[in-house]
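# Chain and residue survey
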Amino acid sequence: MNEEQTSFNIGPQHPALKEPETFRVIVEGERVVKAEAILGHTHRGIEKMAESRDYNKTLYLAERICGICSFAHNANFARAVEFVADVKVPKRAEFLRVLVAELERLHSHLLWLGVLAHEIGFDTFYILVWNDRETIMDLLETLTGNRVNYGMNRIGGVRFDLNDEIKKIMRDKIEEFKPRLEKIRDVVLNSKTIIARTNGVGRISKDLARKTCVTGPTARSSGIDWDLRRDEPYFIYEQLDFNVPISDRGDVYSKIILRVKELFESIKIIEQVLDLIPSGKIFQDVRGRFEGKAVSRIEAPRGENFHYVEFRKSKNPYRLKVRAPTYANVVSSVEALVGHHIADIPVIVAANDPCFSCTDRTLIIDRDKGRYQIMSARDLRKLSVETTKEVMQ
Amino acid sequence: MIQDIALFLFQTIVFPGVFFIVVLAFGSNWMYRKFYARLQRRIGPESAGIFGILQGFADYLKTATKEDIIPYGANQVIFKYLPVIAPVPVVVGMFFIPIIDTKGFISSPGDIYAIVFILTIVTTTEIILGWASGSKFALIGSSRSGMQLVSFGIPFIFSMLYAIIKAKSFSLEDIVLSQTGTKLKFLPNWNLFGLGGIAFLIFIICALAELEKPPFDTPEAETEIAGGWTLEYSGRGYAYILLLEDLKMVFVISLGVVLFLGGPLGPTFGLGEPWIAVLYFIYFSLKYFAVLLILTLISSSLARMKIRHIVFGSWTYLAPLAIASIILTILLEGG
């Protein structure tokens, strides 16, 4: 740092970031010359907790990894366990899973759009988008009884069924929602201030995207044509007809357009599911202890969601490993910050739809000595007691 | 003698003095927030008083009873005492505004000079307040505030020049009186109609910048610099800053009403001395709320701009437009 430069932290407490994460930026005037992300403020030890619960309880724990894409984690864990247990999930259950997954994608993308509008100071758009999002939340509540953590899955199927009445409500509400979505699209395409604030901001080139291993809409907006739903179909996605929108501009504006396009695709998928859903059982009973390991990958709203699970003749998972999509995306946003203005920092950081609480893990790295150590719960507790004592003095 | 003193005290303290101005400030705060909320399909302030009309006052009281925290890096004296005197210039400025009469409580041949001076001093106070709190975010907010002053100062003064040229006077009384009568037999002879429309537009844009409302809320930008120059203030200091912001809104909007909407003027129905003041007050309030609603409408429908765009846009579009409108005024309507 020279004399003209100054550094400051965005986060862990900052109105732009609703979750505790630090972005340390070095600025010259208002221009960012260097940035780094410091993760690890909200480590919750979920992977460790899973080891002391049986798979039925872990299912609900997995749901609580993320408040927004709770279904993605929940379904992903269920799918991994189903691989280990070698169960065949009934067709109707898979259709229902797709239905909830796409409804979740709708509400997640709308939430993101609102947050981005708030970051650029467009509060009216933010509130109106969130108002439209309520329709989707209501649909989720109608089907599952919950607005956030749906508790939809069980190992071997789903817990809640769709009847004709709910089907009708869904069709009506989706029909009602379509014109509002078109209105949102028109605002996004025409609002001069949204374009001025996001066009050309935070550009992630295809090379950078490959180098930093981004996933999901972030990758697709940088020209990487990859969507698990199409390229490695799971559930019943191969029976459905939908497009995967791609952009090669990589800036924040292209991410907005891309996500709005995905909203239309999700609606298309939901309508197909409502038309095609077969009758039959919605779950297969699964009991007993398992042995084996499995990996499951699902296209969550934010990108590729990864669950690895291992059982050793037990009901409790011997090991659970989760990689939430934000973990892959956060590095790219740090790279994208350089060269932009302070006003662009929240926009660029929010553009990847970061969800830090899903991401956090604690790893102590001693950079001088080059060694690292993963902290156990006991270490963390000891550290916490020591720090509290220090603070109290 | 005693009557004169009593009247003077009444005028300074109650009406149109400090009490009335502060009430108007809290009222405008409520009005702005309520209308802003309704535009977003929210309910807005609701629980304090009828329709939440006391919300501004409630916020002020609550903030004032909170703990005062002075950061280590702050300039202790300025941090403690400047917020207290910061609202004073604005209250003084309000004394110039004619509300129940065609002339203000204070009236002089050079009103506009004083008003421009007060507007500048308010922004300068904000810059010093931010600088004195010793935080990096506040300092960035201060520097942005300064940038806005530099960008919008000239167009703001030029937009006021229109009214001055029309009235051929710097006094607000003459400006109000120059707007009596009608245009084309049905329009009131306000500066707003005709060429003054351009000046009014520029005035509104600059007023938004002066008030730091969206899309020009860059100095406070909550999601970027966490509140900018107001960041470190808490307790009573912040309460005074809240008051300052509301008072500023009252002052700038009143100025717009006087310069472009004929101040308190309106049909008098041939009424006499005490009733005419009431009518004037009603007309002034109606115009005041109309301008407030226009401001709210603009600020609710745009995203926050970047400081780079603001400086660039102001000097490439706004300032030339302001100068051109003045030249046109002089050529067409006579200077």
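First things first, this report covers the structure right here in the doc.

About the cut-offs
Within each chain, residues carry numbers counting from 1 in the order of the written sequence. Chain labels run from A onward and ligand labels from 1 onward, assigned in the order the entries are written. Local features in this predicted model are restricted to residues whose pLDDT is 70 or higher, and side-chain atom pairs enter the listing and the counts only when it is 80 or higher, whereas totals over whole chains, interfaces and linings include all residues. The basis for the side-chain values is all heavy atoms of the structure; hydrogens and waters are excluded. Two strands pair if DSSP finds at least two bridges between them. A run of H or I in DSSP counts as a helix once it spans at least four residues, and a run of E counts as a strand once it spans at least two, with each numbered from the N terminus. Angles shown run from 0 to 180 degrees and are taken between the N-to-C directions of axes, each axis being a line fitted to C-alpha atoms and, for helices, limited to the stretch in contact. Pairs of residues are marked as contacts when any of their non-hydrogen atoms sit within 4.5 Å. Take a side-chain nitrogen of Lys or Arg and a carboxyl oxygen of Asp or Glu: if they are within 4 Å of each other, that pair is a salt bridge. Here's how the labels work: a residue is buried when its accessible area is under 20% of the maximum for its type, exposed when over 50%, partly exposed in between, all with a 1.4 Å probe on protein chains only. Reported buried area values correspond to the accessible surface (1.4 Å probe) lost by two parts on association, with both partners' losses combined. The definition of a polar contact used here is a pair of N or O atoms within 3.5 Å, where within protein one atom must be able to donate a hydrogen and the other to accept one, and adjacent residues in sequence count solely through side-chain atom pairs. Each residue receives one of three labels: charged for Asp, Glu, Lys and Arg, nonpolar for Ala, Val, Leu, Ile, Met, Phe, Trp, Tyr, Cys and Pro, and polar for the others, Gly being one of them. For this analysis, a nonpolar core means a set of buried residues of the types Ala, Val, Leu, Ile, Met, Phe, Trp, Tyr and Cys, connected via side-chain atoms within 4.5 Å. Aromatic rings from Phe, Tyr and Trp, taking only the six-membered ring of Trp, are treated as a pair when their centres fall within 6.5 Å; an angle between ring planes under 30 degrees marks them as stacked, one over 60 as edge-to-face, and anything in between as tilted. As a reminder, the over-ring test applies to NZ of lysine and CZ of arginine, requiring each to be within 6 Å of the ring centre and within 35 degrees of the ring normal. For classification purposes, angles smaller than 35 degrees are called roughly parallel, those larger than 145 roughly antiparallel, those between 65 and 115 roughly perpendicular, and all remaining angles oblique. Each helix crossing is assigned a hand: it is left-handed if the near helix lies turned anticlockwise from the far helix by less than a right angle, otherwise right-handed if that turn is clockwise. Expected span of a helix, by definition, is 1.5 Å for each gap between consecutive residues, and there is one gap fewer than residues.

On to the sheet that holds strand 6 (residues 290-300) of chain A, then. Residues and elements named next belong to chain A. Reading across the sheet, the three strands line up as 6-7-8 and stay open at both edges, with antiparallel pairing between neighbours. What marks the edges here is a single partner per strand, and that holds for strand 6 and strand 8 (319-323). Averaged over neighbouring strand pairs, the angle between their axes works out to 5° when direction is ignored. Two elements, strand 6 and strand 7 (residues 303-314), share eleven bridges in a ladder whose sense is antiparallel. From the neighbouring strand, K293 faces strand 7, where its bridge partner is E310. Running at roughly 145° to strand 6, helix 3 (residues 70-85) makes contact with strand 6, strand 7 and strand 8 of the sheet.

Residue and element names in this part refer to chain A. Within this structure, the stated rule accounts for 33 salt bridges over all chains. Salt-bridge contacts for D172 lead to K168; the nearest nitrogen and oxygen are separated by 3.0 Å. A residue pair is termed a helical-turn pair when its members lie 3 or 4 positions apart in one helix, as D172 and K168 do in helix 6 (residues 164-190) at four residues. Residue classification places K168 among the exposed residues on the basis of a relative accessible area of 53%. The salt bridge partner of E232 is R297, with a shortest N-O separation of 2.5 Å.

Bringing the interface of chain A and chain B into the picture now. With 28 residues of chain A at the contact, the number on the chain B side is 24 residues. Taking both partners together, chain A and chain B bury about 2300 Å²; carbon and sulfur atoms supply 57% of that area. At the boundary of chain A with chain B, the tally comes to one salt bridge. Between B:K306 and A:D344 there is a salt bridge, with its nearest N and O atoms 3.0 Å apart. For the pair chain A and chain B, the interface holds nine residue pairs in polar contact (both at pLDDT 80 or more). Of all the secondary-structure elements, those providing two or more residues to the side of chain A that touches chain B are strand 1 (5-10), helix 4 (91-119), helix 5 (123-144) and helix 7 (192-198) of chain A. Considering only residue class, the side of chain A that touches chain B consists of 13 nonpolar, ten polar and five charged.

By secondary structure assignment, the location of A:E262 is in helix 11 (residues 252-276). A polar contact of 2.6 Å, which involves the side chain of A:E262, links it to the side chain of A:R220.

With that settled, the discussion passes to the environment of A:K18. Positionally, A:K18 belongs in the loop between strand 1 and strand 2 (22-28). Taking the C-alpha atoms as reference, A:K18 lies 9.9 Å from A:P354; in sequence the two are 336 residues apart.

Attention now moves to the nonpolar core. Residue and element names in this part refer to chain A. Residues L99, L103, F125, L162, M170, Y237 and I256 are the most contacted members of the largest nonpolar core, which totals 92 residues. Element by element, the count of residues in this core is highest for helix 4, at 14 residues. In this structure, L103 is in contact with I136, L139, L140, M170 and I270, ignoring residues within four places of it in sequence.

Regarding helix 2 (residues 55-63) of chain A, the residues found buried are A:Y55, A:T58, A:L59, A:L61, A:A62 and A:E63. Looking at where helix 2 of chain A begins, the residue whose side-chain oxygen comes 3.1 Å from the main-chain nitrogen of A:N56 is A:D54.

Attention now goes to the packing of aromatic side chains. Residue and element names in this part refer to chain A. Counted under the stated rule, the structure contains 22 aromatic pairs over all chains. Ring geometry for Y237 against F242: centres 5.9 Å apart, planes inclined by 70°, an arrangement best described as edge-to-face. Accessibility assignment for this pair places Y237 and F242 in one class, buried. By way of ring pairs, the aromatic residues Y234, F235, Y237 and F242 are connected into one cluster. Over the aromatic face of F283 sits the side chain of R154, whose NZ or CZ is 3.9 Å from the ring centroid.

The next thing to look at is the packing of helix 4 of chain A against helix 6 of chain A. Working note: a packed helix pair is described by the angle between its axes plus the distance between those axes. Residue and element names in this part refer to chain A. Close contact between helix 4 and helix 6 brings their axes to 14 Å; oriented N to C, the two are set at 30°. When the axis of helix 4 is compared with that of helix 6, the two are roughly parallel. The hand of the helix 4/helix 6 crossing is left-handed. Contact with helix 4, carried on its side by L99, L103, L106, L110 and L113, involves M170, F177 and I184 of helix 6 and no other residues of that element. Residues that form the contact of helix 4 with helix 6 fall into these classes: eight nonpolar, no polar and no charged.

Two pairing modes exist for strands in a sheet, parallel and antiparallel, and in both the strands are linked by backbone hydrogen bonds. Residue and element names in this part refer to chain A. Judged by pairing direction, the sheet is antiparallel, and its three strands sit side by side in the order 1-2-3 without closing on themselves. The open sheet has two edge strands with one neighbour each: strand 1 and strand 3 (31-38). The mean inter-strand angle of the sheet, taken between neighbouring strand axes irrespective of direction, is 20°. In the sheet, strand 1 pairs with strand 2 via six bridges, with the strands oriented antiparallel. Residue pairing across strands places F8 opposite V25, the latter belonging to strand 2.

For helix 11 of chain A, which comprises 25 residues, the first-to-last C-alpha distance of 36 Å matches the rise-based estimate of 36 Å (1.5 Å per residue) to within 8%. Along helix 11 of chain A, 19 of the 25 residues are buried, which leaves the element largely enclosed by surrounding structure.

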